[in-house]
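Descriptive analysis of the structure
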Amino acid sequence: MKIAICIKQVPDSWAEKKMAGGVLDRAGVDAVLNDLDEYAVEEALRIVEANSPTKEAGEGSGHTITLISMGPERATEAIRKALSMGADDAILVTDPSLAGSDALATSLVLSEVIKKGNYDLVLCGTESTDARMSVIPAMISQRLGWAQLTFAGKVAVNPAANTVEIERVTEFGNQVMSAKFPAVLSVVEKINEPRYPSFKGIMAAKKKPITNMSLADTGVGSSDVGSAAAWSNVKEALPRPPRGAGVKLTDEGNGGEKLVEFLVEKRLA
Amino acid sequence: MSEVIFLVDHSAGKITKAAGELATYAKSIGDSVAVVFADNAQPIVDQLNTFPVDKVITIAGEFDKYGPAAIADGLAQLLTDRKPAAVLITSTANGKEIAARASVITGSGIITDAVNVDKDLITTQSVFGGSTTVHATVTKGVPIITLRANSIEATGATSSAAVEIFAATISEAAKLAPITSSTPVVKGGRPDLTEASIVVSGGRGTNGDFKPVEALADALGAAVGASRAATDAGWYPHSNQVGQTGKTVSPQLYVAAGISGAIQHRAGMQTSKTIVAINKDPEAPILEIADFAVVGDLFNVLPQATAQIIARKG
Ligand SMILES: Cc1cc2nc3c(=O)[nH]c(=O)nc-3n(C[C@H](O)[C@H](O)[C@H](O)COP(=O)(O)OP(=O)(O)OC[C@H]3O[C@@H](n4cnc5c(N)ncnc54)[C@H](O)[C@@H]3O)c2cc1C
Ligand SMILES: Cc1cc2nc3c(=O)[nH]c(=O)nc-3n(C[C@H](O)[C@H](O)[C@H](O)COP(=O)(O)OP(=O)(O)OC[C@H]3O[C@@H](n4cnc5c(N)ncnc54)[C@H](O)[C@@H]3O)c2cc1C
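What this report covers is the structure whose coordinates are included nearby. Worth saying up front: this structure is predicted, and the values here are computed from it rather than measured.

1. A look at the overall build of chain B
- A count of helical and extended segments in chain B gives eight helices and 17 strands.
- Computed over C-alpha atoms, the radius of gyration of chain B comes to 21 Å, within 12% of the 20 Å expected from 2.2 N^0.38 for 314 residues, which places it in the range of a compact globule.
- Structurally, chain B occupies a C-alpha span of about 60 × 40 × 40 Å along its principal axes.
- Within the span of chain B, comprising 314 residues, buried residues form 59% of the whole.
- For chain B, the proportion of contacts with a sequence separation of at least 24, taken over those separated by at least 6, is 65%.
- On chain B, roughly 11,700 Å² of surface is accessible, and the fraction owed to carbon and sulfur atoms is 52%.
- When the 24 positive and 29 negative side-chain charges of chain B are each reduced to one mean point, those points stand 2 Å apart.

Dropping the structure here:
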């Protein structure tokens, strides 16, 4: 099997994020691998390990795992982390003209890269922790015309039959869906427990290849991406006024009563 | 007047509370046009008539079997046909995927998780865990906007919407992943978490005993939520988890009991109108965003508050 995983580099969840000129100010904050993409990496490794004669991913498994990311140069840090977990190689699309791309442009670039790789499966996280749109996997599936198997809480792959079955887990309940390869998957965070990279993994990752692609290499035109081409336009971004300092009191035996007084005053009880 | 189409969420013949909210938004912008994917739409039309709805378009077919991919196909055909001023969809996992695919098919811009859209189609989003407010517009195609549930009070109305049937086809690509079996969520007696006007949540501080949390919730007519620490420990179902990897809620009132307020939890509740916290630790981060906080033991504070509310109702 040839598996691709879309991974995004995002600002650290704890970092204070700000907007600059209508886009996220990415330069000023620490960047990490999107937490939720680690579950996709782990799931891909488990799929390969379960179908590998050596019970391991990598050479000798007969399968490959390629990371695909669109982002600034420093996304290589996030890529190294996923490589050290066990992925084989990576493609980073980086180009100044991509700055400020919206979801349509991002999905276009990722789909064009995926088309060149002859993959059987593409795995994604369910959302990025910065923009939190939860739309890229569905957009990629639509663009490629591949089966959409998203929000998977369970994945079962049958490489001999070229089929994959998932249990989709959403607020509407659970649904079993299946399809033939090729397919686009996204996995929810309850699916597994991502491994910590081993020392051996970290050393090996330093030697694994990362191919840099420019926008021209993807075949997408520069008029289709970036801030100027965006299908949506941020008019303004304002720091939310801090919540007015709230009331804080220590329970002296009547905390519950005080709380109800507050609710009544606010017409909430 | 231009039409604003909104997608009606329904299950087991009942529309969700969010459907009335979308109708209210649509009517504030133009003619409010509901689109319903269902084979038997009449009961749904009746319910929609209690909200400001000018027209209902029904689309029948194998949409349940093929899920969001198929619904996106049908919606895209409708948009190409009617060229509405905008499309409004509720921000759920399904809703966002339908929006995503329809945006690719029709070459239209998409804005997700808006908490408001005004008559000029300028949206408001609350991003980065509520720390930043963004105003945006779609500049290409038919604006496709997903709105969070509970972001507006639905207006009641006595409508008699004209009903139209639209015929849509499902593409081969959207049929590649059929749904082979389905287990709907079992609804308890309490309101739905994402729809409720009040949510009372418990965390690790409950030490596994959710009774005081549930009792307060019931006294207030609220839904029950939980932190991930509580769902991971198996104290409460995962479907009740609030936060980044759980549900996003923005009720009128959010009560956090025994929850520290980790950034991933706040990501799911920070847009709540009023936040109340009960925590033993005066330094807990949740207290920073609370409008009213009691530093104390939830096992004392919650039962006292519950008793007081029940007594007041007398
Ligand atoms: C605060 C904020 C608000 C925004 N609002 C909008 C908006 O309303 N409309 C709009 O069109 N754009 C918007 N954008 C831009 C949008 O974030 C980017 O286009 C982004 O690449 C796609 O959305 P996402 O990060 O939310 O991805 P999601 O759809 O949440 O990501 C799901 C998965 O897709 C994969 N993935 C996502 N991005 C990449 C990538 N760059 N490289 C590799 N894999 C990836 C990952 O597997 C990820 O887990 C916004 C950006 C910010 C910072
Ligand atoms: C990728 C990822 C996704 C995540 N997604 C989510 C998510 O969706 N939702 C979520 O909630 N978390 C999420 N988390 C976990 C999050 O980081 C926190 O670990 C979690 O929210 C902590 O839950 P808690 O506040 O209940 O527990 P703790 O942080 O342990 O806090 C317990 C609090 O209870 C107080 N307390 C104890 N006893 C009492 C008492 N008797 N009376 C009053 N107060 C008491 C303590 O002072 C403390 O403040 C995620 C983490 C990661 C890495």
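Still to come is the rest of the account.
2. Section: the overall build of chain A
- Counting its secondary structure elements, chain A contains eight helices and 15 strands.
- For chain A, the spread of C-alpha atoms along the three principal axes comes to 65 × 40 × 40 Å.
- Considering only residue pairs separated by 6 or more positions, chain A has 68% of its internal contacts joining residues 24 or more positions apart.
- Here chain A displays about 11,800 Å² of accessible surface, and carbon together with sulfur accounts for 51% of that area.
- Averaged over its 30 positive side-chain charges, chain A has a centre that lies 1 Å from the centre of its 35 negative ones.

3. Observations regarding the site of ligand 1
- Every one of the 33 residues lining ligand 1 counts as a neighbour, but C6(A), K8(A), D37(A), S128(A) and I110(B) are closest to it.
- Neighbouring residues of ligand 1 are not confined to one chain but are distributed across chains A and B.
- The contact in question runs from an oxygen atom of ligand 1 to an N or O atom on the side chain of K8(A), over 2.5 Å.
- Interatomic distance of 2.8 Å between a backbone N/O atom of M133(A) and an oxygen atom of ligand 1.
- Across the complex, the protein chains shield 93% of the 930 Å² of accessible surface that ligand 1 would expose by itself.
- When contributions to the shell around ligand 1 are tallied by element, the ones reaching two or more residues are β6 (64-70), α3 (103-115), β8 (121-125) and α4 (136-144) of chain A together with β7 (110-117) and β8 (123-127) of chain B.

4. Section: the packing of α3(A) against α4(A)
Residues and elements named next belong to chain A.
- The interhelical angle for the contact between α3 and α4, taken along N-to-C directions, is 55 degrees, at an axis separation of 9 Å. By the angle between their directions, the pair α3 and α4 is classed as oblique. Remark: the crossing between α3 and α4 carries right-handed chirality. Between α3, through A103, L104, T106, S107, L108, L110, S111, I114 and K115, and α4, the contact on the second element is made entirely by I136, M139, I140, R143 and L144.
- Here the residues of the contact of α3 with α4 sort into nine nonpolar, three polar and two charged.

5. What about the interface of chain B and chain A?
- Taken together, the contact between chain B and chain A spans 85 residues of the former and 75 residues of the latter.
- Summing both sides of the interface, chain B and chain A together bury roughly 6,800 Å²; the carbon and sulfur share of this comes to 57%.
- Our count for the contact surface shared by chain B and chain A stands at three salt bridges.
- Between D232(B) and K190(A) there is a salt bridge, and its shortest N-O distance comes to 2.7 Å.
- In this structure, the connection of chain B to chain A is made through 28 residue pairs in polar contact (both at pLDDT 80 or more).
- Among the elements that line the side of chain B that touches chain A, the one with the most residues is helix α4 (residues 93-106) of chain B, at nine residues.
- Looking at the side of chain B that touches chain A residue by residue, the class counts come to 39 nonpolar, 34 polar and twelve charged.
- One ladder, built from five bridges, connects strand β11 (residues 173-180) of chain A with strand β12 (residues 179-184) of chain B; its direction is antiparallel. Looking at the pairing, M177(A) lines up with I179(B) of β12(B).

6. Looking at the sheet that holds strand β7 (residues 89-93) of chain A
- Here ten strands make up an open sheet; going across it, the order is β13(A)-β7(A)-β6(A)-β1(A)-β8(A)-β12(A)-β9(A)-β10(A)-β11(A)-β12(B) and the pairing mixed. One side of each edge strand has no neighbouring strand; the edge strands of this open sheet are β13 (210-213) of chain A together with β12 of chain B. Pairs of neighbouring strands in the sheet enclose a mean axial angle of 30 degrees, with direction left out of account.
- Of the strands in this sheet, β9 (147-158) and β10 (163-170) of chain A together with β12 of chain B touch helix α3 (residues 63-82) of chain B, which is tilted by about 90 degrees from β12(B).

7. Observations regarding the packing of helix α1 (residues 35-50) of chain A against helix α2 (residues 76-85) of chain A
Residues and elements named next belong to chain A.
- At their nearest, the axes of α1 and α2 sit 10 Å apart, and the two run at 30 degrees to each other. The orientation of α1 with respect to α2, classified from their angle, is roughly parallel. By crossing handedness, the relation of α1 to α2 is classed as right-handed. On α2, the residues touching E38, V41, E42 and L45 of α1 are K81, A82 and M85.

8. Quick word on the sheet that holds strand β17 (residues 292-295) of chain B
- Here we have six strands laid out as an open sheet, ordered β15(A)-β17(B)-β16(B)-β15(B)-β13(B)-β14(B), and parallel in their pairing. Edge strands, defined here as strands with exactly one partner in the open sheet, are β15 (247-250) of chain A together with β14 (223-226) of chain B. Looking at each pair of strands side by side, their axes are set apart by 15 degrees on average, direction ignored.
- Relative to strand β16 (residues 274-279) of chain B, strand β15 (residues 253-257) of chain B runs parallel, the two sharing five bridges. Residue pairing for β16(B): Y254(B) is matched across the bridge by I275(B).
- The sheet contacts of helix α8 (residues 298-313) of chain B involve β15, β16 and β17 of chain B, and relative to β16(B) the element is tilted by about 130 degrees.

The rules we used
- Residues numbered from 1 in each chain as written.
- Chains lettered and ligands numbered in written order.
- Predicted model: local features only at pLDDT ≥ 70, side-chain atom pairs only at ≥ 80, totals over all residues.
- Heavy atoms only, no water.
- Helix = DSSP H or I, 4+ residues; strand = E, 2+ residues; numbered from the N terminus.
- Rg over C-alpha atoms; globule rule 2.2 N^0.38 Å.
- Buried < 20%, exposed > 50% of the residue type's maximum accessible area, 1.4 Å probe, protein only.
- Contact = heavy atoms within 4.5 Å.
- Areas by Shrake-Rupley, 256 points an atom, 1.4 Å probe, with all protein chains shown as cover.
- Lys, Arg positive; Asp, Glu negative; His and termini not counted.
- Charge placed at Lys NZ, Arg CZ, Asp CG, Glu CD.
- Near = heavy atom within 4 Å.
- Polar contact = N/O pair within 3.5 Å; in protein donor to acceptor, adjacent residues only side chain to side chain.
- Axes fitted to C-alpha atoms, helices over the stretch in contact; angles between N-to-C directions.
- Parallel < 35°, antiparallel > 145°, perpendicular 65-115°, else oblique.
- Left-handed = near helix turned anticlockwise from the far one by under 90°.
- Nonpolar A, V, L, I, M, F, W, Y, C, P; charged D, E, K, R; others polar.
- Buried area = accessible area lost by both parts, 1.4 Å probe.
- Salt bridge = Lys/Arg side-chain N within 4 Å of Asp/Glu carboxyl O.
- Pairing = 2+ DSSP bridges.

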